[in-house]
Amino acid sequence: LAGKHCGLNLMDNLPHIYGHFKKAGYNVGSVGHMHLPKGWIEDSCDVYCPDKGREHSYKSYLEEQGIPLEKSGTGSTVGIKKKSVHKFTLDYQCCELSYEQSLERWEAQQVINFLNNVGNKPFFLRVGFKRPHTPCIPSPKFWDMYPDDILVEPPNADYEMILKSPFLRKQLESFKAMNPD
C-alpha cells in the first residue's frame, strides 16, 4: 500500500532520478539494498537487482544455487552456527556461507556485470551494499581475520545507561535477554 492515498497510486506520477536518467538516454541500473515501493522504479531500470524479495534478487540467486535462505543471514530468523530467534542474536557470529556465496559478493558481481555490459553509453547506477548492517555476520574469510583472544571490548561495554531514556534502557535489556552469555 506504500504510495496509495484515497485510492490513487501516487507512485504512478511521482518522478524519480531513475526516470530522469532513463529519459535522458542513460543506461539505468539499481543493485542491492533499497527501501522503495514495489513497481516504482523497475520500468526505468535496464538492470534491477534488489537484495531480496523479487526476481533477479539475491534470494533468487540462493534458490538457484540450492542454498537455503536461512544460511544467508539475510532473513529475520536464521540459524548461523547457533539456534537463534531474532536477527540481532546473530550479531558477531560467523556466517555459514563462503564469501563467494555471500550477499556482498553477489552485489559486487551485479555491479561488475552492469559495468561490463554498458558499453560506451552513459549510465546511472545506484548501488546499495547492505552490509555492514545488522546482523553483522561476516563470511569465514573475514571472521577468521580477528581471533577472539585479540579482540577487546570497548571501555563502555558495561555502561549501565542510567542517564539514558527508558526506551534505550529497555532495548539494552532485551538485547541482553537475547544473548545471555
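Everything below is about the structure shown above.
What counts, and at which threshold
Residues numbered from 1 in each chain as written. Predicted model: local features only at pLDDT ≥ 70, side-chain atom pairs only at ≥ 80, totals over all residues. Heavy atoms only, no water. Helix = DSSP H or I, 4+ residues; strand = E, 2+ residues; numbered from the N terminus. Expected span 1.5 Å × (residues − 1). Buried < 20%, exposed > 50% of the residue type's maximum accessible area, 1.4 Å probe, protein only. Contact = heavy atoms within 4.5 Å. Core = buried A, V, L, I, M, F, W, Y, C linked by side-chain atoms within 4.5 Å. Phe/Tyr/Trp six-rings, centres within 6.5 Å; stacked < 30°, edge-to-face > 60°. Salt bridge = Lys/Arg side-chain N within 4 Å of Asp/Glu carboxyl O. Pairing = 2+ DSSP bridges. Axes fitted to C-alpha atoms, helices over the stretch in contact; angles between N-to-C directions.

**Q** Quick question: what am I supposed to make of helix α3 (residues 103–117) here?
**A** One turn of the α-helix equals 3.6 residues, which is why residues spaced by three or four share an orientation. If you check α3, its first and last C-alpha atoms are 21 Å apart, about what 15 residues at 1.5 Å a residue would give, namely 21 Å. Listed as buried for α3 are Leu103, Glu104, Trp106, Glu107, Ala108, Gln110, Val111 and Phe114. Where α3 is buried, its residues touch β3 (27–32), β4 (47–50), α2 (58–65) and β5 (123–128). Taken from the residues just after α3, glycine 119 is the one with a positive phi, measuring 65°.

**Q** What am I meant to see in the nonpolar core here?
**A** Judged by nonpolar contacts, the single largest core of 15 residues is most densely connected at Val31, Tyr58, Tyr61, Leu62, Leu97, Trp106 and Leu125. If you look at the next biggest cluster of nonpolar residues, it comprises eight residues, including Val28, Met34, Trp40 and Ile41.

**Q** Quick question: what am I supposed to make of the packing of aromatic side chains here?
**A** Between two aromatic rings, the relevant description is the distance of the centres plus the angle of the planes. Inspection of the entire model under this criterion finds seven aromatic pairs. The interplanar angle of 75° and the centroid separation of 4.8 Å between the aromatic rings of phenylalanine 21 and tyrosine 26 together place this pair among those described as edge-to-face. Residue phenylalanine 21 is classed as partly exposed on the basis of its relative accessible area of 23%. A centroid spacing of 4.5 Å and a plane angle of 5° characterise the contact between phenylalanine 21 and phenylalanine 124, whose relative ring orientation is stacked. One end of the pair, phenylalanine 21, is in helix α1 (residues 17–23); the other, phenylalanine 124, is in strand β5, with 103 residues separating them in the sequence.

**Q** Before we go on, may I ask you to explain α2 in this structure?
**A** Burial in α2 covers these residues: Tyr58, Ser60, Tyr61 and Leu62. On its buried side, α2 packs onto β4 and α3. The first or second residue beyond α2 is glycine 66, which carries a positive phi of 75°.

**Q** Looking at this model, I keep getting lost on the pattern of salt bridges. Mind explaining?
**A** Once the charged atoms of two side chains with opposite charge are near each other, the side chains can pair. Applying the stated criterion to the full structure yields one salt bridge. With a closest N to O distance of 2.5 Å, aspartate 46 and lysine 22 form a salt bridge. You can see aspartate 46 sitting in the loop between β3 and β4 and its partner lysine 22 sitting in helix α1, a full 24 residues away along the chain. For aspartate 46, a relative accessible area of 39% puts it in the partly exposed group. Among the residues examined, lysine 22 registers a relative accessible area of 30% and is labelled partly exposed.

**Q** Could you clarify how one ought to interpret the sheet that holds β3 in this entry?
**A** Sheet strands pair via backbone hydrogen bonds, and the direction of the pair is either parallel or antiparallel. Strand order across the open sheet formed by three strands is β4-β3-β5, with parallel pairing between neighbours. Because the sheet does not close on itself, it has two edges, and the strands there are β4 and β5. Adjacent strand axes in the sheet meet at a mean angle of 5° when their direction is disregarded. As paired strands, β3 and β4 are joined by four bridges and run parallel to one another. From the neighbouring strand, glycine 29 faces β4, where its bridge partner is valine 47. Contacts between α3 and the sheet are confined to β3, β4 and β5, with β5 contributing the most and set at about 175° to the helix.

**Q** How do you make sense of the side chain of glutamine 110 when you look at a structure like this?
**A** With respect to the helices, strands and loops of the structure, glutamine 110 is situated in helix α3. With relative accessibility at 14%, the residue glutamine 110 sits in the buried group. Non-local contacts of glutamine 110, meaning those with residues more than four positions away in its chain, are made with Val31 and Cys49.

**Q** Where do I start with the environment of lysine 164 in this structure?
**A** Along the chain, lysine 164 turns up in the loop between α4 (140–143) and α5 (166–178). Sequence-distant contacts of lysine 164, that is, excluding residues within four places in its chain, are made with Tyr159 and Arg169.

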